[in-house]
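Secondary and tertiary structure notes
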Protein chains: 2
Amino acid sequence: MPWIEYVGLLGAFLSAITFIPQVIKAWQTKSVGDLSLMMLLIVFSSVIVWLVYGFYLHLMPVIIANSIIFFLSLLLLYFKFTFKK
Amino acid sequence: MPWIEYVGLLGAFLSAITFIPQVIKAWQTKSVGDLSLMMLLIVFSSVIVWLVYGFYLHLMPVIIANSIIFFLSLLLLYFKFTFKK
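1. So, the overall build of chain A
Helix and strand counts for chain A come out as four helices and zero strands. Ordering the α and β elements of chain A from the N terminus gives α-α-α-α. Reported as C-alpha extents along the three principal axes, the dimensions of chain A are approximately 50 × 20 × 15 Å. Counting every position in chain A, which comprises 85 residues, the buried fraction comes to 47%. Across chain A, the fraction of contacts at a sequence separation of at least 24, relative to all contacts at a separation of at least 6, is 73%.

2. A word on the interface of chain B and chain A
Counting from both sides, the interface comprises 35 residues of chain B and, opposite them, 35 residues of chain A. For the chain B and chain A pair, buried surface summed over both sides reaches about 3,100 Å², with 72% attributable to carbon and sulfur atoms. Among the residues chain B hides against chain A, the three largest losses belong to Ile 4, Asp 34 and Ile 42 of chain B. Together they make up 20% of the total. Linking chain B with chain A are zero salt bridges, by the criterion used here.

3. Focus on the packing of helix α3 (residues 37–56) of chain A against helix α4 (residues 60–82) of chain A
Residues and elements named next belong to chain A. Close contact between α3 and α4 brings their axes to 9 Å; oriented N to C, the two are set at 155°. When the axes of α3 and α4 are compared, the pair comes out roughly antiparallel. In the crossing of α3 with α4, the sense of the turn from one axis to the other is left-handed. In this structure, α3 uses Leu 37, Leu 40, Leu 41, Val 43, Phe 44, Val 47, Ile 48, Trp 50, Leu 51, Gly 54 and Phe 55 to contact α4, whose residues at the interface are Val 62, Ile 63, Asn 66, Ser 67, Ile 69, Phe 70, Ser 73, Leu 74, Leu 76, Leu 77, Lys 80 and Phe 81. Here the contact of α3 with α4 is built from residues that sort into 18 nonpolar, four polar and one charged.

4. A word on the relation of the copies chain B and chain A
Expressed as a screw operation, the relation of chain B to chain A combines 0.0 Å of axial shift with a rotation of 180°, fitting to an RMSD of 0.0 Å. What the superposition gives is, in effect, a two-fold axis relating one chain to the other. Among all residues of chain B, the minimum C-alpha distance to the rotation axis is found for Asp 34 of chain B, at 2.6 Å. Both copies present the same face, since 100% of the interface residues in chain B are matched by interface residues at the equivalent positions in chain A.

5. Section: unusual backbone geometry
Backbone geometry at His 58 of chain A places phi at a positive 50°, although glycine is not the residue there. The exposure class assigned to His 58 of chain A is exposed, which follows from its relative accessible area of 67%.

6. What about the environment of Val 52 of chain B?
Within the element layout of this structure, Val 52 of chain B appears in helix α3 (residues 37–57). In the structure, Val 52 of chain B is positioned ten residues away from Val 62 of chain B in sequence and 9.8 Å away in space, judged by C-alpha atoms. Beyond its immediate stretch of four places on either side in the chain, Val 52 of chain B contacts Trp 3, Ile 4 and Val 7 of chain A.

7. Structural notes on the side chain of Ser 46 of chain A
Relative to the helices and strands, Ser 46 of chain A resides in helix α3. If sequence neighbours within four positions are ignored, Ser 46 of chain A has contacts with Gly 11, Leu 14 and Ser 15 of chain B.

8. Quick look at the nonpolar core
Core analysis: the biggest nonpolar cluster contains 32 residues, and Phe 19, Leu 76 and Phe 79 of chain A together with Phe 19, Leu 76 and Phe 79 of chain B have the highest contact counts within it. Those elements that place two or more of their residues in this core are α2 (20–29), α3 and α4 of chain A together with α2 (20–29), α3 and α4 (60–82) of chain B. Leave out the neighbours within four places in its chain, and Phe 19 of chain B touches Met 39 of chain A together with Val 43, Ile 69, Leu 72 and Leu 76 of chain B.

How each quantity is defined
- Residues numbered from 1 in each chain as written.
- Chains lettered and ligands numbered in written order.
- Predicted model: local features only at pLDDT ≥ 70, side-chain atom pairs only at ≥ 80, totals over all residues.
- Heavy atoms only, no water.
- Helix = DSSP H or I, 4+ residues; strand = E, 2+ residues; numbered from the N terminus.
- Buried < 20%, exposed > 50% of the residue type's maximum accessible area, 1.4 Å probe, protein only.
- Contact = heavy atoms within 4.5 Å.
- Buried area = accessible area lost by both parts, 1.4 Å probe.
- Salt bridge = Lys/Arg side-chain N within 4 Å of Asp/Glu carboxyl O.
- Axes fitted to C-alpha atoms, helices over the stretch in contact; angles between N-to-C directions.
- Parallel < 35°, antiparallel > 145°, perpendicular 65-115°, else oblique.
- Left-handed = near helix turned anticlockwise from the far one by under 90°.
- Nonpolar A, V, L, I, M, F, W, Y, C, P; charged D, E, K, R; others polar.
- Least-squares fit on C-alpha atoms with pLDDT ≥ 70 in both.
- Core = buried A, V, L, I, M, F, W, Y, C linked by side-chain atoms within 4.5 Å.

Below you can see the structure in the form of structure tokens.
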């Protein structure tokens, strides 16, 4: 595998775990007031689009990263509505 | 251009604008306590990695989207340290 593909995999890995600390923080504090709902909705929409792209072009890193982000952004959306003051 | 490339462009566009509503919200409320610093640091790191990937493979949508996210995540990091209680 050419080195640049490892760079792509690292990027996909970092993108995939982006929202893990945010999910943990939100879960611990039960506070999500400062999180932008619009941001979460855009993340969720972009994930759907990237999944179409990834599945069609059989891009495994794109599929795996966005499947994880799909799940995490759904969780954050759930928190956003559940923890709302 | 094949239709799937438009899907990729749409994904890149959505990813690029992801943090715009969060920047606006943070700027208006001056409150970023619920934002995970670790999330922002991961976003910033992933952007650097994606920029290397994009520049090396001449992927314009990757370069443009991540240049925008680079700027926005820098802003959010600045807010995170400036607005900190």
